2 protein chains.
Amino acid sequence: MAGAGRRSGQDTKARIQEVALDLFTERGYEATSMREIAERLGITKAALYYHFTNKEDIVVSLLSRQLAAVDELIDWAGKQPRGPELRREVIERWSALTARQGVRMFRFAMANQHTLRELKPGREGMFQRFQLLFDAVTDPDAPLEEKLRARLALLTVQMSMIAGRDLDATDEELAEAARKLSLELLRL
Amino acid sequence: MAGAGRRSGQDTKARIQEVALDLFTERGYEATSMREIAERLGITKAALYYHFTNKEDIVVSLLSRQLAAVDELIDWAGKQPRGPELRREVIERWSALTARQGVRMFRFAMANQHTLRELKPGREGMFQRFQLLFDAVTDPDAPLEEKLRARLALLTVQMSMIAGRDLDATDEELAEAARKLSLELLRL
DNA sequence: GTCTATACCCCGATAGAC
DNA sequence: GTCTATCGGGGTATAGAC
């Protein structure tokens, strides 16, 4: 066991992420100040800037694992033959990803859409990532309704986590219901 | 015709709302500063505070007409007998409201969810308003999936305006496709 | 390598002069 | 009805203590 009076940099960094995720989710990214984060941890604002280059960097660090998983799904989908089977499989994986990565992160992402749209961590921002997933699930020549259907099916998984928050069901039950409705929208 | 060199207070107020709606929608509420709004109009920040008590007041003034229409729908729905017929009619009115009030306003509302959740203009905030609409459309004893279905059906109308933005269709075509999918979700 | 002190300029908001 | 001046607090940058 390490001494209690000293903290490693790794430890502090993780604690910053922990506190930041809580505050960003509760009050929103913009409404949360660097001073608040620092105060909760008993350190100064400047200490945050040792561990992260700026406020945005904190949020990017929080999302990086999620984004890597999404990128993996996009790459996988790009290599498969198009069709109803792919659509079903993408929804299944997308749904599993949401459940596994933690509903907490996705609630955070949905609640801070506007902020996140500006960020470009790695590949090209999550707006473009959604676009890529949409493309994997839709035929480019499909009629408007079909394209909209595909987009809504993917968004349904996340939307449900927000819209069903008060429904007195566990996150797992909610995710399962969302998965079913999502497949239904794609007529699978 | 009024003289061109003088502006009435009404005029200035309307011009502030115009510029603010543009900026709030493009860059988001939090990312837009009072100075930017003032600069675009060739006045100072302080002048804004003559016309509006604070930044939030501008956004509330922009939403007031929309909210009045939503309140009307809630009140009407509350007086009708529950059932599939009411569900269909609520979706139809909700959809028409979205189209009529202007997609622009709803894009703004969706893009700034987190900000708007804190506001309580008049009745009780738009989070509670959604809740009331949900209640009108769902049986309290319905299973989880049915309740989620109702919520998603209502949200689909708005979500489509965001998700289908790149689909190279007119707002009217998009709204019509969304209406159909929304009814489909409710199995009507 | 880890953090504090301090200073910068922009933010929303207010007071008071014109 | 609009301005200037000012306030506390926000994100950010850096110098330097340990």
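Quick caveat: nothing in here was measured; it's all calculated off a predicted structure.

Procedures and definitions
- Residues numbered from 1 in each chain as written.
- Chains lettered and ligands numbered in written order.
- Predicted model: local features only at pLDDT ≥ 70, side-chain atom pairs only at ≥ 80, totals over all residues.
- Heavy atoms only, no water.
- Near = heavy atom within 4 Å.
- Polar contact = N/O pair within 3.5 Å; in protein donor to acceptor, adjacent residues only side chain to side chain.
- Helix = DSSP H or I, 4+ residues; strand = E, 2+ residues; numbered from the N terminus.
- Least-squares fit on C-alpha atoms with pLDDT ≥ 70 in both.
- Contact = heavy atoms within 4.5 Å.
- Domains from an automatic or database assignment.
- Buried area = accessible area lost by both parts, 1.4 Å probe.
- Salt bridge = Lys/Arg side-chain N within 4 Å of Asp/Glu carboxyl O.
- Nonpolar A, V, L, I, M, F, W, Y, C, P; charged D, E, K, R; others polar.
- Core = buried A, V, L, I, M, F, W, Y, C linked by side-chain atoms within 4.5 Å.
- Buried < 20%, exposed > 50% of the residue type's maximum accessible area, 1.4 Å probe, protein only.
- Lys, Arg positive; Asp, Glu negative; His and termini not counted.
- Phe/Tyr/Trp six-rings, centres within 6.5 Å; stacked < 30°, edge-to-face > 60°.
- Axes fitted to C-alpha atoms, helices over the stretch in contact; angles between N-to-C directions.
- Parallel < 35°, antiparallel > 145°, perpendicular 65-115°, else oblique.

*Asks:* What exactly am I supposed to notice about the protein's contact with DNA strand C here?
*Replies:* Residues in contact with DNA strand C amount to 18 residues; listed here are only the nearest, A:A46, A:H51, B:M34, B:R35 and B:K45. In DNA strand C, atoms within 4 Å of the protein come 57% from sugar and phosphate. A:T12 places a polar side-chain atom, nitrogen or oxygen, 3.3 Å from a phosphate oxygen of DNA strand C. At a separation of 2.9 Å, a phosphate oxygen of DNA strand C approaches a polar backbone atom of B:K55. Among the elements of the structure, α1 (9–27) and α3 (45–51) of chain A together with α2 (34–41) and α3 (45–51) of chain B are those that each provide at least two residues to the surface near DNA strand C.

*Asks:* Just checking my understanding: could you explain the environment of A:A14 for this structure?
*Replies:* Its location among the elements puts A:A14 in helix α1. The spacing of A:A14 and A:H51 is 37 residues in sequence and 9.8 Å in space, taken between C-alpha atoms.

*Asks:* Whenever I open this one, the relation of the copies chain A and chain B confuses me. Can you help?
*Replies:* The second copy of the chain is related to the first by a rotation about an axis and a shift along the axis. Expressed as a screw transformation, the operator carrying chain A onto chain B has a rotation angle of 180° and an axial translation of 0.0 Å, and the superposed copies differ by an RMSD of 0.1 Å. The transformation relating the two chain copies, once decomposed into turn and shift, fits a two-fold axis. The position closest to the rotation axis in chain A is occupied by the C-alpha of A:E30, lying 3.3 Å away. When the interface residues of chain A are mapped onto chain B, 100% of them again lie at the interface, so the same face is used by both copies.

*Asks:* What's the story with the domain arrangement of chain A in this structure? I'm lost.
*Replies:* A common way to express how large an interface is: the accessible area buried when the components associate. Residue and element names in this part refer to chain A. Each assigned domain of chain A is listed here: domain 1 (9–52) and domain 2 (63–185). Each of domain 1 and domain 2 has a C-alpha centre, and these two points are 28 Å apart. The partner domain 2 presents 5 residues to the 8 residues of domain 1 that form the contact. Summing both sides of the interface, domain 1 and domain 2 together bury roughly 660 Å²; the carbon and sulfur share of this comes to 59%.

*Asks:* Just to check I follow, could you spell out the interface of chain A and chain B for this structure?
*Replies:* Every contact between the two is made by 37 residues of chain A and, on the other side, 38 residues of chain B. Taken together, both faces of the contact between chain A and chain B bury some 3200 Å²; the carbon and sulfur share is 66%. Note that B:K180 is salt-bridged to A:E145, the shortest N-O span being 3.0 Å. Looking at the side of chain A that touches chain B, the elements that each hand over two or more residues are α1, α6 (103–111), α7 (113–118), α9 (144–163) and α10 (171–185) of chain A. Counting residues per element, the side of chain A that touches chain B draws most heavily on α9(A), which supplies 12 residues. Here the residues of the side of chain A that touches chain B sort into 16 nonpolar, 8 polar and 13 charged.

*Asks:* Just checking my understanding: could you explain the protein's contact with DNA strand D for this structure?
*Replies:* Neighbouring DNA strand D are 18 residues; A:M34, A:R35, B:T44, B:Y50 and B:H51 lie closest to it. Contact distances for DNA strand D include 2.6 Å between a phosphate oxygen and a backbone N or O atom of A:M34. For DNA strand D, a phosphate oxygen lies 2.7 Å from a polar atom in the side chain of B:T44. For the surface near DNA strand D, the secondary-structure elements that each account for two or more residues are α2 (34–41) and α3 of chain A together with α1 (9–27) and α3 of chain B. The element best represented in the surface near DNA strand D is α3(B), accounting for 4 residues.

*Asks:* Quick question: what am I supposed to make of the nonpolar core here?
*Replies:* Grouped burial of nonpolar side chains is what soluble globular proteins tend to show. Core analysis: the biggest nonpolar cluster contains 66 residues, and A:L154 and B:L154 have the highest contact counts within it. Apart from residues no more than four positions distant in its own chain, A:L154 is found in contact with A:V90, A:I91, A:W94, A:L133, A:F134, A:V137 and A:S182.

*Asks:* Sorry, what's going on with the side chain of A:K55 here?
*Replies:* Residues and elements named next belong to chain A. For K55, the position within the fold is in helix α4 (residues 55–79). One buried charge, K55, has no salt-bridge partner; the nearest side chain with opposite charge is E30, at 5.3 Å. At 2.7 Å, the side chain of K55 forms a polar contact with the backbone oxygen of T32. If near-sequence neighbours (up to four positions away) are discounted, K55 is found in contact with F24, Y29, E30, T32 and M34.

*Asks:* For this particular structure, what's the right way to read the packing of aromatic side chains?
*Replies:* How two aromatic rings sit relative to each other is set out by the distance from centre to centre and by the angle between their planes. All names here are of chain B. Evaluation of the coordinates by the stated rule reveals 7 aromatic pairs over all chains. Between W94 and F130 the ring centres are 5.7 Å apart and the planes differ by 80°, which places this aromatic pair in the edge-to-face class. Pair noted here: W94 is in helix α5 (residues 84–100) and F130 is in helix α8 (residues 125–137), with a separation of 36 residues, a long-range link. By relative accessible area, which is 24% here, F130 ends up partly exposed.

*Asks:* It is not clear to me how the pattern of salt bridges should be interpreted in this structure. Could you clarify?
*Replies:* Two side chains bearing opposite charge may form a pair once their charged atoms approach each other closely. In the structure shown here, the tally under the stated rule is 24 salt bridges over all chains. For the salt bridge of B:E184 with A:R149, the shortest nitrogen-to-oxygen distance reads 2.6 Å. Placement of the pair is B:E184 in helix α10 (residues 171–185) and A:R149 in helix α9, with the two residues belonging to separate chains. Looking at B:E184, the relative accessible area reads 30%, which means it is partly exposed. Residue B:R93 is joined to B:E89 by a salt bridge in which the shortest nitrogen-to-oxygen separation is 3.2 Å. Of this pair, B:R93 and B:E89 both sit in helix α5, 4 residues apart, which is roughly one turn of that helix. Classification of B:R93 as partly exposed rests on a relative accessible area of 34%.

*Asks:* Where do I start with the packing of helix α4 (residues 55–79) of chain B against α5(B) in this structure?
*Replies:* Pairs of packed helices are described in terms of their axes, by the angle between the two and the distance that separates them. All names here are of chain B. Viewed as axis vectors pointing N to C, α4 and α5 meet at an angle of 170°, and their least axial separation amounts to 11 Å. Here α4 is positioned roughly antiparallel relative to α5, judged by the angle of their axes. Residues A69, V70, L73, W76 and A77 of α4 pack against L86, E89, V90, R93, W94 and L97 of α5.

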